[in-house]
Amino acid sequence: MQPPGHSVVRLLEGWLPRQRWFGGKHIPIDGITIGTATELHPGDPALHHLVLDVRQQTSTDHYQLLLGTRRNLPDRLRPHAIGRLPGLGHLYDAAHDPELTRPLLEHLAGQTTIGPLRFRAAPGVEIQADLDGVPVSAEQSNTSLIYGCTYICKLFRRLSPGVNPDLEVNLALTRAGCVHVPAVRGWIELEPDHGVNADGEPATLALLSEFMPTATDGWSLALTSVRDWYAQPAGASEPVPGAAGGDFAGEAERLGAATAQVHRDLAAAFGVTPAPAGQMRALVQGMAEQLDQVGAAVPALRPHAPAIRAAFERAGAAATGAADAPPLPLQRVHGDYHLGQVLRTGAGWVVLDFEGEPARPPAERRALAHPLRDVAGMLRSFDYAARFLLAGEDAGPPEAADALERRAQAWAERNRDAFCAGYVGNGGADPAAHAALLRAFELDKAVYEVRYEARNRPSWVNVPLRSLAYLAG
Ligand SMILES: Nc1ncnc2c1ncn2[C@@H]1O[C@H](COP(=O)(O)OP(=O)(O)O)[C@@H](O)[C@H]1O
Ligand SMILES: O=P(O)(O)O[C@H]1O[C@H](CO)[C@@H](O[C@H]2O[C@H](CO)[C@@H](O)[C@H](O)[C@H]2O)[C@H](O)[C@H]1O
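The structure presented is a predicted model; accordingly, all values stated were derived computationally and were not measured.

1. Describing the overall build of the chain
Okay, step 1: Counting secondary structure elements, the chain contains 12 helices and 18 strands.
Okay, step 2: Taking 2.2 N^0.38 as the reference for a compact globule, 473 residues should give roughly 23 Å; the C-alpha atoms of the chain span a radius of gyration of 23 Å, in line with that estimate.
Okay, step 3: When the backbone C-alpha atoms are referred to their principal axes, the chain occupies close to 70 × 55 × 45 Å.
Okay, step 4: Relative to its 473 residues, the chain shows a buried fraction of 52%.
Okay, step 5: Counting only contacts in the chain whose residues sit at least 6 apart along the sequence, the fraction spanning at least 24 positions is 67%.
Okay, step 6: Carbon and sulfur atoms make up 54% of the accessible area of the chain, which totals about 19,900 Å².

Here it is in structure tokens:
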């Protein structure tokens, strides 16, 4: 087959904006170029690896696509069809075709190099090749393929220059023997000088990790607990915290303890630096800039903006107010910490996805930060879990809506407190001693979430907006 040409590009221009993982849905595509096209498996079906250079306004982003071609498209692959072209047959997203996901594992096991793609096993690891991969069904920014009960291979959809922080951090933590991350088994990278440039460093395309087959993600566990909490008979008074079936507080506390351990392991692996002079001003400025940008795009945020801005200023003043205040310690952190990023396994909590927030530029995602930024992310997530079932629902008469709102608040507070207790109890920085900073981090995260939801899941935008009404008020 010839490398796909401009007719493929035309099909992709229509298909790409409909994909959950496409980060540029909010602005039109000005043009797509195929940066690299590498045949990974010949025949019918055939597998091509494409790096797409997608131009939108002033920037160009790089996306990775596994392009499958077949003469006849079975029904099971129709939802993933991209289009049909004379001579090529059907084009589709091959991440959903087990026949075409196996070659990726075969190349990883063989540590092959094909064109600009390098398939690598982690030091000392022998990769089993005879497994088919099926995608995880969860809504994601990337696409992860599960191979039997053995591996999970995360294909980064939007590519960033250089080593992806998810690989960099997981590899360092695996080497350090951290028990709270899945072990790294291998990765795929794109040789330098193939469009996704970073001073001669290869760009990470995929990360192969140990799969935890019996694990449940924190978001699902938390929602089960919230549902139980709401289903409590109303009775004369509010449910007694802890009396609800499926109480989550014990798990929240253990999660807090695991988080403190991961922060310690990150500090040991990458070091800790005192915040340079002026850092707090820059932090507050960055938060205010994001607030302005999101306010411009989402009018419903604007009424909360003055209170949010004042909270940012207070955090800045609290950190720099006393002349003898020690500088804040900065280190590598998770960067986008929430209940969907943690798994409860038989042995305890495991943390996933050290990529940082998908909308931020690569340098910001790897930047050192105060660990309470992650704590704030998880605290926001408890709030999300509590309120998500209420957003957009008609709770009936105002008294009923108020009662549900109070229950949401009570569930969130109970689990937030338990998480913080576990975090402090295992040596993490005390959130209570940095109240202004924590509040600013939480508000900043909620503002980020307003933009994230407006762009990706507009029917969820009320979840962070309702919290902001409470948090900023
Ligand atoms: N090692 C693993 N074992 C079991 N499930 C996993 C593992 N890694 C990821 N998952 C599942 O895949 C989902 C998405 O993974 P994640 O790394 O957060 O991808 P994304 O960046 O696309 O959000 C997780 O919520 C979890 O359900
Ligand atoms: O997991 P990702 O790296 O893709 O993170 C992005 O998507 C998340 C949603 O999938 C989003 O998280 C928000 O929704 C979660 C519930 O689905 C909630 O637990 C989080 O607290 C909330 O921030 C995340 O912000 C975004 O970066």
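2. Some points on the confidence of the model for the chain
Okay, step 1: Overall, the predicted model of the chain reaches an average pLDDT of 91, with 93% of residues at or above 70.
Okay, step 2: If you check the scores for this complex, the pTM reads 0.89 and the ipTM reads 0.97.

3. Considering helix H6 (residues 279-297)
Okay, step 1: Given a rise of 1.5 Å per residue, 19 residues ought to cover 27 Å, and the 27 Å separating the end C-alpha atoms of H6 matches this to within 8%.
Okay, step 2: Of the residues making up H6, those classed as buried are Met280, Val284, Met287, Ala288, Gln290, Leu291, Val294 and Gly295. In an axial view of H6, the angular spread of the buried residues amounts to 160°, which keeps them on one side of the axis. Turned more than 90 degrees away from the buried face of H6, the exposed residues are Ala296 and Ala297.

4. Examining empty space enclosed by the protein
Okay, step 1: In the structure shown here, the tally under the stated rule is 4 cavities of 30 Å³ or more.
Okay, step 2: Space inside the largest cavity adds up to approximately 60 Å³.
Okay, step 3: Along its surface, the largest cavity is lined by Val333, His334, Gly335, Gly356, Glu357, Arg360, Glu364, Arg365, Arg366, Ala367 and Arg373.
Okay, step 4: Top contributing element to the lining of the largest cavity by residue count: helix H8 (residues 362-366), with 3 residues.
Okay, step 5: Partitioning the lining of the largest cavity into residue classes produces 2 nonpolar, 3 polar and 6 charged.
Okay, step 6: In this structure, the second largest cavity occupies an estimated 40 Å³ of space.
Okay, step 7: Residue lining of the second largest cavity: Thr259, Val262, His263, Leu266, His334, Tyr337, Val351, Phe354 and Asp374, and that is the complete set.

5. Brief notes about the site of ligand 2
Okay, step 1: What surrounds ligand 2 is a group of 15 residues, the closest being Ser141, Asp336, Ser381, Tyr448 and Glu449.
Okay, step 2: At a separation of 2.8 Å, an oxygen atom of ligand 2 approaches a polar side-chain atom of Asp336.
Okay, step 3: Between Tyr448 and ligand 2, the recorded distance is 2.6 Å, taken from a side-chain N or O atom to an oxygen atom.
Okay, step 4: Protein coverage of the free-state accessible area of ligand 2, which is 540 Å², stands at 92%.

6. Topic: helix H2 (residues 98-110)
Okay, step 1: Along its 13 residues, H2 runs 19 Å from first to last C-alpha, staying within 8% of the 18 Å computed at 1.5 Å per residue.
Okay, step 2: At the exit of H2 stands Gln111, carrying a positive phi of roughly 50°.

7. A look at the side chain of Thr204
Okay, step 1: One can find Thr204 in strand S13 (residues 203-210).
Okay, step 2: At 2.8 Å, the side chain of Thr204 forms a polar contact with the backbone nitrogen of Asn164.

8. Some thoughts on the site of ligand 1
Okay, step 1: Taken together, 16 residues lie near ligand 1, and Gln140, Asn142, Glu210, Met212 and Asp353 sit nearest.
Okay, step 2: Between Asp353 and ligand 1, the recorded distance is 2.8 Å, taken from a side-chain N or O atom to an oxygen atom.
Okay, step 3: Here ligand 1, which alone exposes 550 Å², has 87% of that area covered by the protein.
Okay, step 4: Split by residue class, the shell around ligand 1 holds 7 nonpolar, 5 polar and 4 charged.
Okay, step 5: Of the residues that make up the shell around ligand 1, three or more belong to each of domain 1 (1-212) and domain 2 (216-471).

Rules and cut-offs
- Residues numbered from 1 in each chain as written.
- Chains lettered and ligands numbered in written order.
- Predicted model: local features only at pLDDT ≥ 70, side-chain atom pairs only at ≥ 80, totals over all residues.
- Heavy atoms only, no water.
- Helix = DSSP H or I, 4+ residues; strand = E, 2+ residues; numbered from the N terminus.
- Rg over C-alpha atoms; globule rule 2.2 N^0.38 Å.
- Buried < 20%, exposed > 50% of the residue type's maximum accessible area, 1.4 Å probe, protein only.
- Contact = heavy atoms within 4.5 Å.
- Areas by Shrake-Rupley, 256 points an atom, 1.4 Å probe, with all protein chains shown as cover.
- pLDDT = per-residue confidence, 0-100.
- Expected span 1.5 Å × (residues − 1).
- Arc of directions from axis to C-beta.
- 1 Å grid on protein atoms, 1.4 Å probe; cavity = no way out; pocket = protein on both sides within 12 Å on 5 of 7 lines; lining within 4 Å.
- Points joined across faces, edges and corners; volume = space filled by probe spheres on them.
- Nonpolar A, V, L, I, M, F, W, Y, C, P; charged D, E, K, R; others polar.
- Near = heavy atom within 4 Å.
- Polar contact = N/O pair within 3.5 Å; in protein donor to acceptor, adjacent residues only side chain to side chain.
- Domains from an automatic or database assignment.

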